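# Structural characterization, general
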Amino acid sequence: MQEKMSFSNYIAVGSMLFALFFGAGNLIFPAQLGQLSGDQLWPAVIGFLITGVGLPFLGVIAIGYSGSNHLQELAGRVHPLYGVLFTSILYLTIGPFFAAPRTGTVAYEIGITPYVGTDAGSLPLFLFTLAFFTLTLWLSLNPAKIVDRVGKVLAPGIVIILVILIAMAIFSPLGTIQPATESYVEGAFTKGFTEGYNTMDAIAALVFAIIVINAVKGMGMKTRKAITGATFKAGLIAISLLAVLYVGIAYIGATSVQPFGIFETGGPVLSSAATHYFGSFGTILMSVVIILACLTTAIGLISANGEYFHSLFPKVSYKAFVWIFTLFTFTIANFGLANIITFSIPMLMFLYPLAISLLLLTFTSKLFHHARFVYVAATAMALVIGIIDGLKALAGSLGTEFGWLVPIDEFLTANLPLYADGLGWLIPVVVTLVITGIIARIIGPDPEKQSN
């Protein structure tokens, strides 16, 4: 039985995974990090790479390593109903509710707005998203060709364009690196670590993993060992590309402060740098990069949602779901980027603790004999704090506060380490996992209580 793929197939699948990950947010956030971190660039970038690259890589590997055929099966180790609910919410969050519409609006605001202006009204957005999601629909209707269309065509184009821009910035810097802003003067590593969450790739990895696994299975990988090995190697290619581009984009951001000042977001950083080096051609170049990056991400999100919900409701075809989700995504996109971001942040604050906790449980599962009560206890801890973080973010997004939440928030801020940094769930989850894991080791394996 075949245990290895050809080198070209590893490159193809790795490039596909890179393209699925690499959306507009992946261009914006490292550029902004570079601007704000200044002379603290390198510790900030290292922190960013851990969460912006490391966690997505672990997410992809976790699905293959677990032996599960799907995220739902993996999350079902907590409880079958939890597996369905968690997976459905996650898919919809990074699919038609938030992330997929954002691909169209970000592509429009960065790639098209420079030509039509900010006061052009809603018609240009409508026309652009109509074309954008029509193309997304066409490319998503035949997922068997995703590797060819995305991995072999679009991803190399994105890499080449960005490498040229980064090379120009290295050989002819925009300016000298300035002092770090206040938030990065102390604890630049920690700040960069938490900023890496903004890419949303740690959550998306749990969705994209199934596309990668299906791709490597289609290339002859059948055993768990072969699938895990191929996924690891393809994932390594993808994260290496991501890491190189993140470092280069962050460097452009750090050197752009002197000539351009600090921008509100990272979008104008790359646009300004492209214009600086290549003139009006540079603006067109960046528009192409943004649109391609967003398009590849949209294809992956719509395809993954179509496949998952078809598996839940097999009487509805994959193509029908793709049509439904694309139309819904197109509709949400026309509410505008600001509204999408406002209502996505609370959901992400709720989902991140659950998703990362599931990764921790997956990689340590053998140590506690896959005992279900360990999964339940650790997940319950993440769920409680995730709900609090989500409600706190929702109140902030709405410009209000929930009175009953204030004393809880103040208590946790004062007593729970890392809570103020958005990582308050980490220590309670790890402590719970360790304690219940020790109990499970003492009790020993019990097939009737195994989650898998």
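Here, every reference points to the structure presented above.
Summarised in this report is the structure supplied together with it. (Residues numbered from 1 in each chain as written. Predicted model: local features only at pLDDT ≥ 70, side-chain atom pairs only at ≥ 80, totals over all residues. Heavy atoms only, no water.)

Before going further, it helps to spend a moment on the overall build of the protein. Across its full length, the protein holds 20 helices and 0 strands. The C-alpha atoms of the protein give 22 Å as radius of gyration, which agrees with the globular expectation for 452 residues (22 Å, within 12%). Counting only C-alpha atoms, the protein reaches 70 × 55 × 40 Å along its principal axes. In the protein, buried positions account for 55% of the 452 residues. Sequence separation of 24 or more characterises 81% of the internal contacts of the protein that already satisfy a separation of 6 or more. Per element, the accessible surface of the protein, about 18,700 Å² overall, is 70% carbon and sulfur. Treating the 19 positive side-chain charges of the protein as one cloud and the 19 negative ones as another, the clouds have centres 20 Å apart. (Helix = DSSP H or I, 4+ residues; strand = E, 2+ residues; numbered from the N terminus. Rg over C-alpha atoms; globule rule 2.2 N^0.38 Å. Buried < 20%, exposed > 50% of the residue type's maximum accessible area, 1.4 Å probe, protein only. Contact = heavy atoms within 4.5 Å. Areas by Shrake-Rupley, 256 points an atom, 1.4 Å probe, with all protein chains shown as cover. Lys, Arg positive; Asp, Glu negative; His and termini not counted. Charge placed at Lys NZ, Arg CZ, Asp CG, Glu CD.)

There is a patch of nonpolar side chains on the surface, built from Phe-373, Leu-418, Ile-427, Val-431, Ile-435, Ile-439 and Ile-443 and spanning about 580 Å² of accessible area. Take the nonpolar patch: its biggest share by element is 5 residues, from helix H20 (residues 426–443). Inspection of the secondary structure puts Phe-373 in helix H18 (residues 372–398). Using a relative accessible area of 34% as the deciding quantity, one classes Phe-373 as partly exposed. (Patch = residues over 30% accessible without salt bridge, like charges linked within 9 Å, V, L, I, M, F, W, Y side chains within 5 Å. Salt bridge = Lys/Arg side-chain N within 4 Å of Asp/Glu carboxyl O.)

So, about the packing of H18 against H20. Remark: H18 packs on H20, axes separated minimally by 8 Å, with the N-to-C direction vectors making an angle of 165 degrees. Accordingly, the angle class assigned to the pair H18 and H20 is roughly antiparallel. The element H18 and its partner H20 pack so that their crossing is right-handed. Residue-level contacts link Phe-373, Val-374, Ala-377, Ala-378, Met-381, Ala-382 and Ile-385 of H18 to Pro-428, Val-429, Thr-432, Leu-433, Thr-436, Gly-437, Ile-439, Ala-440 and Ile-443 of H20. (Axes fitted to C-alpha atoms, helices over the stretch in contact; angles between N-to-C directions. Parallel < 35°, antiparallel > 145°, perpendicular 65-115°, else oblique. Left-handed = near helix turned anticlockwise from the far one by under 90°.)

Applying the stated criterion to the full structure yields 20 aromatic pairs. On the basis of an interplanar angle of 80 degrees and a centroid distance of 6.4 Å, the ring pair of Phe-97 and Phe-98 is categorised as edge-to-face. Using a relative accessible area of 13% as the deciding quantity, one classes Phe-98 as buried. Both rings, one in Phe-368 and one in Tyr-375, keep their centres 5.6 Å apart while their planes meet at 75 degrees; by these two values the pair is edge-to-face. (Phe/Tyr/Trp six-rings, centres within 6.5 Å; stacked < 30°, edge-to-face > 60°.)

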